[in-house]
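Residue-level listing of the chains:
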Amino acid sequence: MSRSNHPLVPLLATAAAAGLALYLYKTLSAPKKPKKKVVFVLGPPGAGKGTQCSLLVERYPSLPFFSAGDLLRAERSSGSDLAAVINGKISAGGVVPP
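Residues numbered from 1 in each chain as written. Predicted model: local features only at pLDDT ≥ 70, side-chain atom pairs only at ≥ 80, totals over all residues. Heavy atoms only, no water.

Draft legend 1. Examining the overall build of the chain more closely. In terms of regular secondary structure, the chain is built from four helices and zero strands. Listing every helix and strand of the chain by position from the N terminus yields α-α-α-α. Expressed as a percentage of the 98 residues in the chain, the buried residues total 4%. (Helix = DSSP H or I, 4+ residues; strand = E, 2+ residues; numbered from the N terminus. Buried < 20%, exposed > 50% of the residue type's maximum accessible area, 1.4 Å probe, protein only.)

Draft legend 2. Inspection of the confidence of the model for the chain at higher detail. Per-residue pLDDT for the chain averages 80, and the proportion of residues at 70 or more is 81%. Averaged pLDDT values for the elements of the chain fall to 68 in helix 1 (residues 9-29) and rise to 90 in helix 2 (residues 49-59). (pLDDT = per-residue confidence, 0-100.)

Draft legend 3. Summary view of the pattern of salt bridges. Evaluated as defined, the whole model comprises one salt bridge. In this structure, Asp70 engages Arg73 in a salt bridge whose closest nitrogen and oxygen atoms are separated by 2.8 Å. Note that Asp70 and Arg73 are positioned in helix 3 (residues 68-76) at a spacing of three residues, about one turn of the helix. (Salt bridge = Lys/Arg side-chain N within 4 Å of Asp/Glu carboxyl O.)

Draft legend 4. Quick look at helix 4 (residues 81-91). At the N-terminal end of helix 4, a side-chain oxygen is found 3.4 Å from the backbone nitrogen of Leu82, two or three residues along, and the residue is Ser80. Gly93, located one to two residues past helix 4, shows a positive phi value of around 80°. (Polar contact = N/O pair within 3.5 Å; in protein donor to acceptor, adjacent residues only side chain to side chain.)

Draft legend 5. Spatial organisation of a nonpolar patch on the surface. A surface patch of nonpolar side chains, about 420 Å² in accessible area, is lined by Val39, Val41, Leu56, Tyr60 and Leu63. Within the element layout of this structure, Leu63 appears in the loop between helix 2 and helix 3. (Patch = residues over 30% accessible without salt bridge, like charges linked within 9 Å, V, L, I, M, F, W, Y side chains within 5 Å. Areas by Shrake-Rupley, 256 points an atom, 1.4 Å probe, with all protein chains shown as cover.)

Draft legend 6. Structural view of the packing of helix 3 against helix 4. Taken N-terminus to C-terminus, the directions of helix 3 and helix 4 make an angle of 115°; their axes are 8 Å apart at the nearest point. The angle between helix 3 and helix 4 places the two elements in the roughly perpendicular class. When helix 3 is examined against helix 4, the residues Leu72, Glu75 and Arg76 are found in contact with a partner set consisting of Leu82, Ala83, Ile86, Asn87 and Ile90. For the contact of helix 3 with helix 4, the residue count by class is five nonpolar, one polar and two charged. (Axes fitted to C-alpha atoms, helices over the stretch in contact; angles between N-to-C directions. Parallel < 35°, antiparallel > 145°, perpendicular 65-115°, else oblique. Contact = heavy atoms within 4.5 Å. Nonpolar A, V, L, I, M, F, W, Y, C, P; charged D, E, K, R; others polar.)

This is the structure in structure tokens:
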């Protein structure tokens, strides 16, 4: 008996088609999550990054705002183990790792 003549072939084909149909139904009918947009504001010291970000947050209050400098300064002053690593890197003139 060849494989194409086996009595289970139609049953397996039907099961595979049903599985594919269920997968497609779940995938296509699932609610779409909006893509998150990330904006980086970069520039040298004194370029006005903070001012521009303040204006953006004022205009769009739901926009979260994080300042890397503010976060690093807060962590440095906390006295934690991570603060010691940050202070060591800055004292050595290195770049603080992410």
